[in-house]
Amino acid sequence: SLRHLACEVREKAVLAVGLCCLLDRDLARQYLPVLLTSLEVDIGPVRRVAAACIVDLILRYILKKYLKFVKLKSFFLMLLFLSICQKKSINFVPS
């Protein structure tokens, strides 16, 4: 459950949501706000999983058709992601 008290359970729940979103574009549209909320308000391990899921969704549904080379995908996506995190002051170190 995404609202469970245990960090480990929330971490697995976010991963499960992310994997389901990779399988279905409509689910991705529905649950992207949930992943973004986890990225912004949860603690380090859950944030890392949420960030990885969001990056995977960006690759799967947005950048896949625009970037042809796997190395370029990873490089540009990480630059984009780090830029966004820096602007939002997201810290991945557990509090």
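Scroll up for the structure.
Participant: Help me understand the overall build of the protein chain in this model?
Facilitator: Check the secondary structure of the protein chain and you find four helices and zero strands. The order of α-helices and β-strands along the protein chain, N terminus first, is α-α-α-α. Out of the 95 residues belonging to the protein chain, those deemed buried represent 33%. Of all intrachain contacts in the protein chain linking residues separated by at least 6 positions in sequence, the fraction that spans at least 24 positions is 52%. Surface accessibility of the protein chain: about 6,600 Å² in total, with carbon and sulfur atoms responsible for 64%.

Participant: Would you take a moment to explain the pattern of salt bridges for this structure?
Facilitator: For side chains of opposite charge, pairing can occur when their charged atoms come near one another. In the structure shown here, the tally under the stated rule is two salt bridges. Arg10 is the salt-bridge partner of Asp42, the closest N and O atoms lying 2.9 Å from each other. One end of the pair, Asp42, is in the loop between α2 (25-41) and α3 (44-63); the other, Arg10, is in helix α1 (residues 7-23), and 32 residues separate them in sequence. What makes Arg10 buried here is its relative accessible area of 11%.

Participant: Please explain the nonpolar core as it appears in this structure.
Facilitator: The tendency in soluble globular proteins is for nonpolar side chains to be buried as a group. Counting residues in each nonpolar core, the largest one holds 20 residues, and the members touching the most others are Val14, Leu35 and Leu57. For this core, the secondary-structure elements that each account for two or more residues are α1, α2, α3 and α4 (70-88). Of the residues forming this core, the biggest block, 11 residues, is contributed by α3. The contact partners of Leu35, leaving out residues within four places of it in the chain, are Val14, Val17, Gly18, Ala50, Cys53, Ile54 and Leu57.

Participant: Could you clarify how one ought to interpret the side chain of Ser38 in this entry?
Facilitator: One can find Ser38 in helix α2. With sequence-adjacent residues up to four places away left out, Ser38 is seen in contact with Val14, Val46, Arg47 and Ala50.

Participant: Can you walk me through α1 in this structure?
Facilitator: Each α-helix turn comprises 3.6 residues. Residues three or four places apart therefore point the same way. Its 17 residues give α1 an end-to-end C-alpha distance of 25 Å, which sits within 8% of 24 Å, the value for a rise of 1.5 Å per residue. All of the buried residues in α1 are Cys7, Arg10, Ala13, Val14, Val17, Gly18 and Cys21. All buried residues of α1 lie within an arc of 135° about the axis, which places them on one face of the element. Exposed and oriented more than 90 degrees from the buried face of α1 are Glu8, Lys12 and Leu23.

What counts, and where the lines are drawn
Residues numbered from 1 in each chain as written. Predicted model: local features only at pLDDT ≥ 70, side-chain atom pairs only at ≥ 80, totals over all residues. Heavy atoms only, no water. Helix = DSSP H or I, 4+ residues; strand = E, 2+ residues; numbered from the N terminus. Buried < 20%, exposed > 50% of the residue type's maximum accessible area, 1.4 Å probe, protein only. Contact = heavy atoms within 4.5 Å. Areas by Shrake-Rupley, 256 points an atom, 1.4 Å probe, with all protein chains shown as cover. Salt bridge = Lys/Arg side-chain N within 4 Å of Asp/Glu carboxyl O. Core = buried A, V, L, I, M, F, W, Y, C linked by side-chain atoms within 4.5 Å. Expected span 1.5 Å × (residues − 1). Arc of directions from axis to C-beta.

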